[in-house]
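Results of the structural survey
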Amino acid sequence: MASSIAVSRLHLRGRTCLLNCLQKVDTFLHRGVGTDAAVAQAQTTERDGSEAKDGRRSLLAVQDERREQAEKSVLISCQSRPSEKKFLKYLSRHGDVNKYFFYESYGVYAVVEFASRDGVASLIEAATIPSVSHESMVPFKSRLLSLRSVDSLNHQSGLPCQPQTSVSISELVHRLSSEDSVEQQITSLTEAFQLTEENSRLRFLVCSLLNDIAAAYFPECTIRPFGSSVNGFGKLGCDLDMFLDLDSISGWNVKQPKAGLLLEYQMKRANSERAVTQSILSVIGECVDQFGPGCVGVQRILNARCPLVRFSHQPSGFQCDLTANNRVAMISTELLYLYGELDPRVRHLVFTIRCWARAHGITSSIPGAWISNFSLTVMVLFFLQKRNPPIIPTLNHLRDLAGPADNSVIEGHDCTFVRDFSKIHLQRNSETLETLLCEFFVFYATFPFSRMSINIRKGKEQNKPEVAPLHIQNPFETSLNVSKNVNATQLSRFVALCQESSWLIQQSERNSPKSAAGESSPTPWGLAALLLPSQVEGMKSRVSMTTWAEPMNWSTLPSSA
């Protein structure tokens, strides 16, 4: 049977106003996949200047490398599980393959990175467009392809597919119970939840595929991931937040010459920058809805505080949010990445506290009065700043170390901090992860939430500027409380859980527990015991929910808790 790679397509639902963009996308796609050695060399040079002596790299350098990989990659839907060796040989006809991997999401998919963009161009040129039964079907060329009817590639045995979601709490508890120390439990938890190399590549590829669509309107724009996808604290299965960056367009914000050529373009009048953002996202959202392969459930939420386009990308399984005017969030992403790179204990503790909070319903994927992951992360950073000596520096200290290239003011907010790791000298603190975990619970079990605010810019408590159960100052938009949504009940639950968890972990055996006679698995202990939901239910009847930070009498807890 003849082999073919069919290009994915979507049905055009009677909106001819967007037909003209198809030719633009097709032209851009073929232009964009051509070899661009000069750009690659420039990006490499920039990254080399952003790498510290110990190998740590700036977030910009990491993103540039990931974006370059994504631009040389394709996403292929496989009708059945192919033979890995034959599949690679089949694709190698179009160029050398740098990396490939398989994963499952509504079927089996393969991510393939070629050594150059010429390989992508050759593959797309060889792909056929499926025949259509009526004229309203519009073919849309993209780097999302479907592998069909290739008998020589079929293979009965299963291929190893990379995980795209994190393990369940029950499975995690079982794993952790077999570890020999709390330190190893924390490390194992981080390894189980953090984004893999493959998942990170897939996220940048989805951004690149969406970039192909947006480039029909803005040929030099860049769609960048931000938030958990790139700050180092992302969990497998987390949403994909994206930012449409138009500042990378050449000639923008350049001093106007007195003579010479000026680019002629039409600018519609708008009442505000917000209105411009809404118009841009409305157009991009419509195009994604009509022509974005695999993009379903598109919502244009333009009246939100930060306008966005929300959709599901079925081939990857990601829930996606696209914004166009959220630069403070981009800076916050850089800051969290930097803190995570300064000391490995930062990421380990953040992953552990987030998992603990999710297991007990302190955080939730549903909007409401719960504490957010970002708020929890800031609370961990603040705790680490308060250690003696501090494990990480304050934001003000990072600002004082900044050079001219680091200066950044966004909408009047001071977003300046150093990016060069070699300029940051940490104090010596040798506390173990087990000690830090226990001390985190003690710290917040007794924190004066009713009077004080959390501030990582200064690294110390300060009087609350407003009446709210929990006040955590936004690191950059300092007038904002990032935990304004949290109510007194949820804060009380958090405090009570900190009190009990502190007591529980102090009661844990420091040596690896052995399974009791007749048991098929070890008894949950240490960190594993903290994740058991039964602990919360037993606590509810013993802890007052009427005060925000009332100390608990730990001696009243039963030893079997």
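Residues numbered from 1 in each chain as written. Predicted model: local features only at pLDDT ≥ 70, side-chain atom pairs only at ≥ 80, totals over all residues. Heavy atoms only, no water.

**Quick notes on the overall build of the chain**
Here is the rule: The helix and strand labels rest on DSSP assignments: H or I over at least four residues marks a helix, E over at least two residues marks a strand, and numbering proceeds from the N terminus. Relative accessibility thresholds used throughout: buried, under 20% of the residue-type maximum; exposed, over 50%; partly exposed, between the two (1.4 Å probe, protein chains only). A contact between two residues is defined here by any heavy atoms of the two lying within 4.5 Å. Working definition of accessibility: Shrake-Rupley area with a 1.4 Å probe, residue cover restricted to the visible protein chains.
For the chain, the count of helices and strands is 17 helices and 16 strands. Within the span of the chain, comprising 561 residues, buried residues form 50% of the whole. Counted over contacts in the chain with a minimum sequence separation of 6, partners at least 24 positions apart contribute 71%. Carbon and sulfur atoms provide 50% of the accessible area of the chain, an area that totals close to 26,500 Å².

**Overview of the sheet that holds strand β8 (residues 222–226)**
For the record, the criterion: The criterion for strand pairing is that DSSP finds at least two bridges linking the strands in question. All axes here are fitted lines through C-alpha atoms, helices being fitted over the stretch that makes contact, and every angle between N-to-C directions spans 0 to 180 degrees.
The strand order across the open sheet formed by 5 strands is β8-β9-β12-β11-β10, and the pairing between neighbours is mixed. Every interior strand has two partners, whereas the edge strands, β8 and β10 (295–301), have only one. Within this sheet the neighbouring strands show an average axis-to-axis angle of 25 degrees, counted without direction. In terms of strand pairing, β10 meets strand β11 (residues 308–313) through 5 bridges, oriented antiparallel.

**A look at helix α4 (residues 84–91)**
Stated precisely, the cut-off is as follows: Directions drawn from the helix axis to the C-beta atoms are what define this arc.
Among all positions in α4, only F87, Y90 and L91 are buried. Taken end-on, α4 shows its buried residues confined to a sector of 90 degrees, consistent with a single buried face. The exposed residues of α4 that point more than 90 degrees off its buried face are K85 and K89.

**As for the pattern of salt bridges**
Heads up, the rule is: Take a side-chain nitrogen of Lys or Arg and a carboxyl oxygen of Asp or Glu: if they are within 4 Å of each other, that pair is a salt bridge.
The full count for this structure, using the stated rule, is 22 salt bridges. A salt bridge links D64 to R67; the nearest nitrogen and oxygen atoms lie 2.5 Å apart. With D64 and R67 both in helix α3 (residues 59–71) and 3 residues apart, this pair spans about one turn of that helix. The exposure class assigned to R67 is buried, which follows from its relative accessible area of 13%. One salt bridge in this structure joins D212 and R143, with 3.0 Å as the shortest N-O distance. Of this pair, D212 sits in helix α8 (residues 197–214) while R143 sits in the loop between β6 (137–138) and β7 (144–148); the two residues are 69 residues apart in sequence, bridging distant segments of the chain. Classification of D212 by relative accessible area gives buried; the value is 9%. Members of the salt-bridge network, linked through shared partners, are R66, K72, E113, E197 and R201.

**What about the side chain of T352?**
Secondary-structure assignment places T352 in helix α11 (residues 344–359). Once residues within four sequence positions are removed from consideration, T352 is found in contact with I186, L189, L437 and L527.

**Quick look at the packing of aromatic side chains**
The following threshold applies: Pairs were defined over the aromatic rings of Phe, Tyr and Trp, the Trp ring being its six-membered one, requiring ring centres within 6.5 Å. Orientation was assigned from the angle between planes: stacked under 30 degrees, edge-to-face over 60, tilted for the rest. The criterion is that NZ of a Lys, or CZ of an Arg, lies within 6 Å of the ring centre and within 35 degrees of the ring normal, and then a charge sits over that ring.
One pass over the structure, following the stated rule, counts 19 aromatic pairs. Aromatic pair W356 and F494: ring centres 6.0 Å apart, planes at 70 degrees, arrangement edge-to-face. Of this pair, W356 sits in helix α11 while F494 is found in helix α15 (residues 488–507), placing the two residues 138 residues apart along the sequence. By relative accessible area, W356 is classed as buried at 1%. Between the aromatic rings of F447 and F449, the centroid separation amounts to 4.8 Å while the plane-to-plane angle is 55 degrees, which identifies the pairing as tilted. Residue class for F449 comes out buried when judged on its relative accessible area of 1%. One aromatic cluster in this structure is built from W356, F382, F383, F440, F441, F443, Y444, F447, F449 and F494. The cationic tip of R419 hangs over the ring face of F417; the distance from NZ or CZ to the ring centre is 4.0 Å.

**Remarks on the nonpolar core**
This is how the line gets drawn: Think of a nonpolar core as a cluster: buried Ala, Val, Leu, Ile, Met, Phe, Trp, Tyr and Cys residues, connected wherever their side-chain atoms sit within 4.5 Å.
In terms of nonpolar packing, the biggest core is built from 82 residues, with W356, L437, Y444, F449 and F494 touching the most fellow members. Ranked by residue count, the leading element in this core is helix α14 (residues 433–445), at 9 residues. For F494, the contacting residues outside a window of four places in its chain are W356, I362, I371, L376, M379, F440, Y444 and F449. M242, C287, F311 and A324 belong to the second largest nonpolar core, which has 35 residues in total.

**Comments concerning the pairing of strand β5 (residues 108–114)**
Taking burial as the measure, the 7 residues of β5 include 7 buried ones, the bulk of the element. Where burial is concerned, the two faces of β5 agree: the one with V108, A110, V112 and F114 and the one with Y109, V111 and E113 are both buried. One ladder, built from 7 bridges, connects strand β4 (residues 97–104) with β5; its direction is antiparallel. Note on β5: the bridge partner recorded for V97 is F114. If you look at the hairpin formed by β4 and β5, you'll find 3 residues sitting between the two strands, and Y106 has a positive phi there, around 55 degrees.

**Regarding the environment of L426**
Take L426: it is sitting in the loop between β14 (413–414) and α14. If we skip the residues at most four places from it in the chain, L426 touches L342, I391 and P393.

**Details of helix α6 (residues 169–177)**
Within α6, the full set of buried residues consists of L172, V173, L176 and S177. Looking straight down α6, one finds that the buried residues subtend no more than 130 degrees of arc, so they occupy a single side. Packed against the buried residues of α6 are α7 (182–193), α11 and α16 (527–530).

**A few points about the side chain of S229**
Position of S229 relative to the elements: it lies in the loop between β8 and β9 (240–245). Owing to a relative accessible area of 5%, S229 belongs among the buried residues under this scheme. Not counting residues up to four positions away in its chain, the partners in contact with S229 are L195, R203, D239, L240 and D241.

**Looking at the confidence of the model for the chain**
Note the threshold: Values of pLDDT, which run from 0 to 100, indicate the predictor's confidence residue by residue.
Per-residue confidence for the chain gives a mean pLDDT of 83; residues scoring 70 or more make up 77%. Taken element by element, the predicted model of the chain shows its lowest mean pLDDT in strand β2 (residues 10–11) (33) and its highest in helix α13 (residues 395–400) (98). Within the model, the stretch residues 1–49 combines pLDDT values under 50 with 114 contacts to residues more than four positions away or in other chains. For residues 534–561, every residue scores under 50 in pLDDT, and the model assigns this stretch 50 contacts once sequence neighbours within four places are set aside.

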